[in-house]
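# Secondary and tertiary structure notes
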Amino acid sequence: VMAAAAGVLTELERLILAVCEGKPEGILVEDFQEKLPAPEGQNADEHRREVVTSVNKLVKKGKLELLQMKGKPMVRLATTESSKFKDMTKEERLVYQTIQDVGNKGIWTRDIRRNTNLDIKLLTRILKTMESRKLVKVVMSVVAVKKKMYMLYELEPAQALTGGPWYTDQDFESEFVEGLRQLAFTCLDQRARKAAAEHRDPIARSQASFAAARDVLDFVTAAKFSFVQLKEESVEEILETLVFDGKVEAVFNAAAGRRIYKISNMPSVMPDVLCAPCGVCPVFHNCAEGSVVSPQTCIYLPPWMNI
């Protein structure tokens, strides 16, 4: 294949791009041998070298992205974003794309090294260069506090990585969380009292007692309690802790597509009669006065009755 003028694609380069269009997830470079067999009369090894050369040229032109899959070179069509970084070296591009692929979950230095097979000194230098150019940034994980995690500079870290609003510098804000729990409970309590005052019908009163996470978020925002901007998902997490504690109950609202909440009607302390061992006794139905199994012979009733 003859070399083409700068900016002009050769016939082989166009064929390679056409194959990549059908493989948006990427294709191993070695698989081009099957997709683009050697023309009749051309040596297979010579054709394979031409394919590899053309792939490298397309990478340099910003048409393809170079990746790795299990240590093997792989390419895919370049995005508009990646074409901005044509001045990167092959190694820098590989590191960038490895970090890009994990999104906002972040990737540990050791994993970058394993995926790229780069020397640790070279990798460290590349990461420092990318940090200075604001292409990537370091984030710390609340799960693994000693691990340096990298992600693209413009991304917001996933909540699973940073702990969301419940963590500050990897420290759990227990007082903040408890304060939000109290505010959320107060919001639902006020709604329940208002519903009781406005509705005599028990069904209408129950329905009016429910509130969505958005309603609770508005209540918290109005109270100016939070020093961080909360999202509905964060408030839902707080409400679910109250559900777990039995203070709040939740039902799924099909119209809203999410759960709604109200103060629980269940007593916080169960009546003693509900805690009687009879309720879980496997031979309860055989229990009768004068029988082999009877209240008089039961070994579980005296401790429960404090006898």
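Residues numbered from 1 in each chain as written. Predicted model: local features only at pLDDT ≥ 70, side-chain atom pairs only at ≥ 80, totals over all residues. Heavy atoms only, no water.

Attention shifts here to the pattern of salt bridges. Side chains carrying opposite charge are able to pair once their charged atoms draw close together. Evaluated as defined, the whole model comprises 15 salt bridges. A salt bridge links Asp 189 to Arg 193; the nearest nitrogen and oxygen atoms lie 2.9 Å apart. Separated by four residues within a single helix, Asp 189 and Arg 193 lie in helix H8 (residues 174-198), roughly one turn from each other. Among the residues examined, Arg 193 registers a relative accessible area of 58% and is labelled exposed. In this structure, the salt-bridge partner of Arg 258 is Glu 232, at a minimum N-O distance of 3.3 Å. Here the residue Arg 258 occupies a position in strand S10 (residues 258-263), and Glu 232 occupies one in helix H11 (residues 232-244), the gap between them amounting to 26 residues. One salt-bridge network, in which partners are shared between bridges, spans Arg 214, Asp 218, Glu 232, Glu 236 and Arg 258. (Salt bridge = Lys/Arg side-chain N within 4 Å of Asp/Glu carboxyl O. Helix = DSSP H or I, 4+ residues; strand = E, 2+ residues; numbered from the N terminus. Buried < 20%, exposed > 50% of the residue type's maximum accessible area, 1.4 Å probe, protein only.)

Strand order in this open sheet of three strands is S4-S6-S5, and the pairing throughout is antiparallel. For this open sheet the edge positions go to strand S4 (107-108) and strand S5 (136-140), each flanked by a neighbour on one side alone. The strands touched by helix H6 (residues 120-132) within the sheet are S5 and strand S6 (148-152), with S5 carrying the most contacts at an inclination of about 100°. (Pairing = 2+ DSSP bridges. Contact = heavy atoms within 4.5 Å. Axes fitted to C-alpha atoms, helices over the stretch in contact; angles between N-to-C directions.)

Taken together, the three strands give an open sheet; going across it, the order is S1-S3-S2, and neighbouring strands pair in antiparallel fashion. With partners counted over all chains shown, the strands left at the sheet margins are strand S1 (27-28) and strand S2 (64-69), one partner each. Across two bridges, S1 lies against strand S3 (residues 72-77) in antiparallel orientation. Looking at S3, one finds that Leu 28 is bridged to Met 74. Sitting on the sheet, helix H1 (residues 11-21) touches S1, S2 and S3, and the angle it makes with S3 is about 85°.

Summary statistics for the chain give a mean pLDDT of 81 and a share of 82% for residues scoring 70 or more. Across residues 1-7, confidence stays below pLDDT 50; counting only partners more than four residues off in sequence or on other chains, it has six contacts. (pLDDT = per-residue confidence, 0-100.)

A few words now on the side chain of Ser 294. Secondary-structure assignment places Ser 294 in the loop between S10 and helix H12 (301-304). Among the residues examined, Ser 294 registers a relative accessible area of 3% and is labelled buried. Separated by 3.1 Å, the side chains of Ser 294 and Thr 297 make a polar contact. When neighbours within four sequence positions are excluded, Ser 294 is seen to be in contact with Cys 287, Ala 288 and Glu 289. (Polar contact = N/O pair within 3.5 Å; in protein donor to acceptor, adjacent residues only side chain to side chain.)

Turning our eyes to something else, we now look at the environment of Lys 262. The topology assignment puts Lys 262 in strand S10. In this structure Lys 262 comes out as buried when scored by relative accessible area, which is 6%. In this structure the C-alpha to C-alpha distance between Lys 262 and Glu 249, which are 13 residues apart in sequence, comes to 5.7 Å. If near-sequence neighbours (up to four positions away) are discounted, Lys 262 is found in contact with Leu 188, Ser 206, Ser 209, Phe 210, Val 248 and Glu 249.

Our next topic: the packing of H8 against helix H10 (residues 213-223). Interaxial distance between H8 and H10 falls to 10 Å at its minimum, and their mutual angle equals 115°. Considering the angle they form, H8 stands roughly perpendicular to H10. Here H8 and H10 pass one another in a crossing that is right-handed. Together, Leu 180, Leu 183, Ala 184, Thr 186, Cys 187, Leu 188, Gln 190 and Arg 191 of H8 and Asp 215, Val 216, Phe 219, Val 220 and Ala 223 of H10 make up the contact between the two elements. When grouped by side-chain class, the residues that make up the contact of H8 with H10 number nine nonpolar, two polar and two charged. (Parallel < 35°, antiparallel > 145°, perpendicular 65-115°, else oblique. Left-handed = near helix turned anticlockwise from the far one by under 90°. Nonpolar A, V, L, I, M, F, W, Y, C, P; charged D, E, K, R; others polar.)

Taking 1.5 Å per residue as the helical rise, helix H4 (residues 90-101) with its 12 residues ought to reach 16 Å, and the 17 Å between its terminal C-alpha atoms agrees with that figure. Among the 12 residues in H4, nine count as buried, and that is most of the element. Listed in full, the buried residues belonging to H4 are Glu 92, Arg 93, Leu 94, Val 95, Tyr 96, Gln 97, Thr 98, Ile 99 and Gln 100. Backbone geometry just after H4 places Gly 103 at a positive phi near 65°. (Expected span 1.5 Å × (residues − 1).)

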